[in-house]
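Residues per chain are reported as follows:
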Amino acid sequence: MTDTNLKQKAAGALMWGGLSQAAQQALNLVFGIVLARLLSPADYGMVGMLTIFALIATSLQESGFMSALTRKQEASSEDYNAVFWFNVLCSLTVYAVLFAAAPLIAAWFRQPVLVPLSRLLFLSFVFSAMGTAPRAWLFRHMRAKQTAVISLTSLVVSGLCGITLAWLGFAYWGIALQNLVFCASVSLGGWYFSEWRPTWRINLRPLRGMIGFSSRLLATNIFTHVNNNLFSLFFGRLYGESTVGYYNQANKWTTMGHSTLTGMVWSVTQPLFARLSYDEPQRQQAIFRKMLRLTAFLSCPCMFGLALVAPEFITLTITEKWLSSALLMQYLCIGGAFVPIASFCSNFLISQGKSQVYMWNTVALCLVQLLLLVVLHPYGVRCMVVAYVAANTLWLLVWHVFVRRIIGLRLSLFARDILPFAALASMAMGAAWGVAHLCPQHLLVTLLVKVAVAAVVYALSLRLLGARIMQECWDFVREKIGLRR
């Protein structure tokens, strides 16, 4: 593929990925607000306590083969067929194990109702397994437009289902069924748009060439889910379902914020870098730094801004009953500004075949988080969340070490591409906070003033400093919507 074609395809995937993520988060915002108003923290906590088990099970049935298929120079129909049948057989096996383990899970959290609830919720990864191979085909071929249609349609259908059930008084059962409907819809959409179809001949031999790479991703994904959901597992045991509900609500809004950019970058990073030659480190470094600057340019103001308006946002959207989650959300948002950057670095390493580096980094980070939880849990939830944010942010230095080994990117250049945007965003938030305190103390007015002042100060600061990234983004948007001649 020529440089021009690669650039055009990557730009198209990036645009559709960005539009899709923005629309998904907008829908999640609307549905999340309605559901949070209808349900209680305890309702969310009941499902939140099971999240870690469902995510680990999903990783087991997918087993990293989606990324392995994307990385292959040539992926045959037999490769997809082997992955499909492996996922189906594995998902049924894992579901059977978890079905039998449901009483043990309920005993850990001291909640008997988790037995039937978990058995229902865990059906979601069986449905997901049916669509892994078709979605891998779409991902490999950069069919971001079709993927966007699938995601948005599934969100609308499942969201309406969840709201209806919550309105009818099904409480946490509605959240579980909403998740099932979403997974089933995504799988059906993958089958509809994918040009690949399975055969009844079950041959798992093609997996041999992918098993080394995919097994490392599998271990990594499991530890990533443990790391991201460790608090829900132990908060449910130590503090009860309401605390899990408050934490999960804060984590949900934070994740919605940074996952928009993470998903957009992820949709193009692996396919793009996988197609670049390994013997072109200078070209790789130039592309890497440009995308790194773009990521920091967007993530720092967005996530710092979300932290700034968290109390007003929570109160206005999902009422004061959730206000206890606002402070936790502020802590998580500060760390969330650096999540897309870490994700970008890790995806780059995966695209270069360094899945073992990705795996051991994630395992090490998970062990650090577990150690912090064991040591700090007597000091309360806030202390553990602050430590969690600090550890994840500082881990960027570890990711940089391995990126440097591949493309020779010095730490000074790495920091130069991130820290100016973080500093300017912090300054803009400080100015917005100060101005907002001079205005009438009305929640909506305060929120709007904070957003407006922060956006203006950040944009003017970049313009005065002559930052090219903002103009490049604006030119790209104008070109795509036909305003640029």
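The rules behind each value
Residues numbered from 1 in each chain as written. Predicted model: local features only at pLDDT ≥ 70, side-chain atom pairs only at ≥ 80, totals over all residues. Heavy atoms only, no water. Helix = DSSP H or I, 4+ residues; strand = E, 2+ residues; numbered from the N terminus. Contact = heavy atoms within 4.5 Å. Areas by Shrake-Rupley, 256 points an atom, 1.4 Å probe, with all protein chains shown as cover. Phe/Tyr/Trp six-rings, centres within 6.5 Å; stacked < 30°, edge-to-face > 60°. Lys NZ or Arg CZ within 6 Å of the ring centre and 35° of its normal. Patch = residues over 30% accessible without salt bridge, like charges linked within 9 Å, V, L, I, M, F, W, Y side chains within 5 Å. Salt bridge = Lys/Arg side-chain N within 4 Å of Asp/Glu carboxyl O. Expected span 1.5 Å × (residues − 1). Buried < 20%, exposed > 50% of the residue type's maximum accessible area, 1.4 Å probe, protein only. Axes fitted to C-alpha atoms, helices over the stretch in contact; angles between N-to-C directions. Left-handed = near helix turned anticlockwise from the far one by under 90°. Nonpolar A, V, L, I, M, F, W, Y, C, P; charged D, E, K, R; others polar. Core = buried A, V, L, I, M, F, W, Y, C linked by side-chain atoms within 4.5 Å.

Trainee: Run through the overall build of the protein, naming residues and quoting values.
Mentor: Counting its regular elements, the protein contains 22 helices and zero strands. Excluding contacts between residues fewer than 6 apart, the proportion of contacts in the protein whose partners are at least 24 apart in sequence is 83%. A total accessible area of about 21,700 Å² is found for the protein, and carbon and sulfur atoms account for 67% of it.

Trainee: Explain the packing of aromatic side chains to me, using residue names and the numbers behind them.
Mentor: In total, this model carries 15 aromatic pairs according to the counting rule given. A network of ring pairs unites the aromatic residues Phe84, Trp85, Trp191, Trp196 and Trp200 as a single cluster. The ring of Phe99 has Arg119 lying over it, and the distance from NZ or CZ to the ring centre is 4.0 Å. Stacked on the ring of Trp253, the Lys or Arg Lys252 has its end atom at 4.6 Å from the ring centre.

Trainee: Lay out a nonpolar patch on the surface with the relevant residues and their values.
Mentor: Together, Leu367, Leu370, Leu371, Val374 and Val375 make up an exposed nonpolar region whose accessible area comes to about 450 Å². Here Val374 shows up in helix α16 (residues 355–376).

Trainee: Can you explain α16? Please cite residues and give values.
Mentor: The end-to-end C-alpha distance of α16 is 31 Å, a good match for the 32 Å that 22 residues give at a rise of 1.5 Å each. Buried residues of α16: Ser355, Val357, Tyr358, Met359, Asn361, Thr362, Val363, Leu365, Cys366, Gln369, Leu373 and Leu376, and no others.

Trainee: Any chance you could break down the packing of helix α20 (residues 419–436) against helix α21 (residues 443–464) for me, citing the residues and the numbers?
Mentor: It is at 8 Å that the axes of α20 and α21 come closest, and there the two elements cross at 140 degrees. For α20 against α21, the interelement crossing comes out right-handed. Across the interface between the two elements, Phe421, Leu424, Ala425, Met427, Ala428, Met429, Ala431, Ala432, Val435 and Ala436 from α20 touch Thr446, Val449, Lys450, Val453, Ala454, Val457, Tyr458, Ser461 and Leu462 from α21. Across the contact of α20 with α21, the residue classes tally to 16 nonpolar, two polar and one charged.

Trainee: Outline the packing of helix α15 (residues 339–351) against helix α18 (residues 396–407), supporting the account with residue identities and numerical values.
Mentor: Running from amino to carboxyl end, α15 crosses α18 at an angle of 35 degrees, the nearest separation of the two axes being 10 Å. Pair α15 / α18 crosses with left-handed handedness. Contacts between α15 and α18 involve Ile341, Ala342, Cys345, Ser346, Phe348 and Leu349 from the first element and Leu396, Trp399, Phe402, Val403, Ile406 and Ile407 from the second. Across the contact of α15 with α18, the residue classes break down as eleven nonpolar, one polar and no charged.

Trainee: Which residues make up the nonpolar core, and what are the values?
Mentor: Grouped together as the largest cluster of nonpolar side chains are 113 residues, with contacts concentrated most on Phe288 and Met329. Top contributing element to this core by residue count: helix α12 (residues 281–308), with twelve residues. Dropping the residues within four chain positions of it, Met329 is found in contact with Ala250, Trp253, Thr254, Leu306, Ala310, Phe313 and Ile314. If you look at the next biggest cluster of nonpolar residues, it comprises twelve residues, including Tyr80, Val88, Ala133 and Trp191.

Trainee: Please set out the side chain of Gln111 residue by residue, giving values where relevant.
Mentor: Tracing the backbone shows Gln111 in the loop between α5 (77–109) and α6 (114–121). When its relative accessible area of 17% is taken as the criterion, Gln111 is described as buried. Excluding its chain neighbours within four sequence positions, the residues that come into contact with Gln111 are Met46, Met49, Ala106 and Glu241.

Trainee: With reference to specific residues and values, describe the environment of Ile202.
Mentor: With respect to the element layout, Ile202 can be found in the loop between α9 (172–193) and α10 (208–238). C-alpha separation for the pair Ile202 and Ala82, spaced 120 residues apart in sequence, amounts to 6.8 Å.

Trainee: I'd like a rundown of the pattern of salt bridges, residues and numbers included.
Mentor: If you walk through the whole model with that rule in mind, you get three salt bridges. One salt bridge connects Arg289 with Asp417, and the closest N-O pair in it is separated by 2.7 Å. A residue pair is termed long-range when its members are at least 10 positions apart, and Arg289 in helix α12 and Asp417 in the loop between α19 (411–416) and α20 qualify at 128 residues. A relative accessible area of 17% places Arg289 in the buried class. Residue classification places Asp417 among the buried residues on the basis of a relative accessible area of 2%.

Trainee: Before we move on, could you go through the environment of Ala307 and cite the residues and values that matter?
Mentor: Mapped onto the fold, Ala307 is located in helix α12. Of the residues examined, Ala307 reaches a relative accessible area of 9% and is grouped as buried. Spatially, the C-alpha atoms of Ala307 and Met329 are 6.7 Å apart, while their sequence positions differ by 22 residues.

Trainee: Got a sec to walk through unusual backbone geometry? Specific residues and values, please.
Mentor: Positive phi, close to 50 degrees, is recorded for Ala171, a residue that is not glycine. Along the chain, Ala171 turns up in the loop between α8 (144–167) and α9. Phi angles above zero are rare outside glycine, and Thr319 is one such case at about 75 degrees.

Trainee: Which residues make up the side chain of Ser346, and what values go with them?
Mentor: Here Ser346 lies in helix α15. Every residue in contact with Ser346, bar those within four places of it in the chain, is listed here: Tyr358 and Trp399.

Trainee: Account for helix α14 (residues 324–336), naming residues and giving values.
Mentor: Residue pairs three or four apart in sequence face the same way in an α-helix, which turns once every 3.6 residues. Between its first and last C-alpha atoms α14 spans 19 Å; for 13 residues at 1.5 Å apiece the expected length is 18 Å, and the two agree. Listed in full, the buried residues belonging to α14 are Ser325, Ala326, Leu328, Met329, Leu332, Cys333, Gly335 and Gly336.

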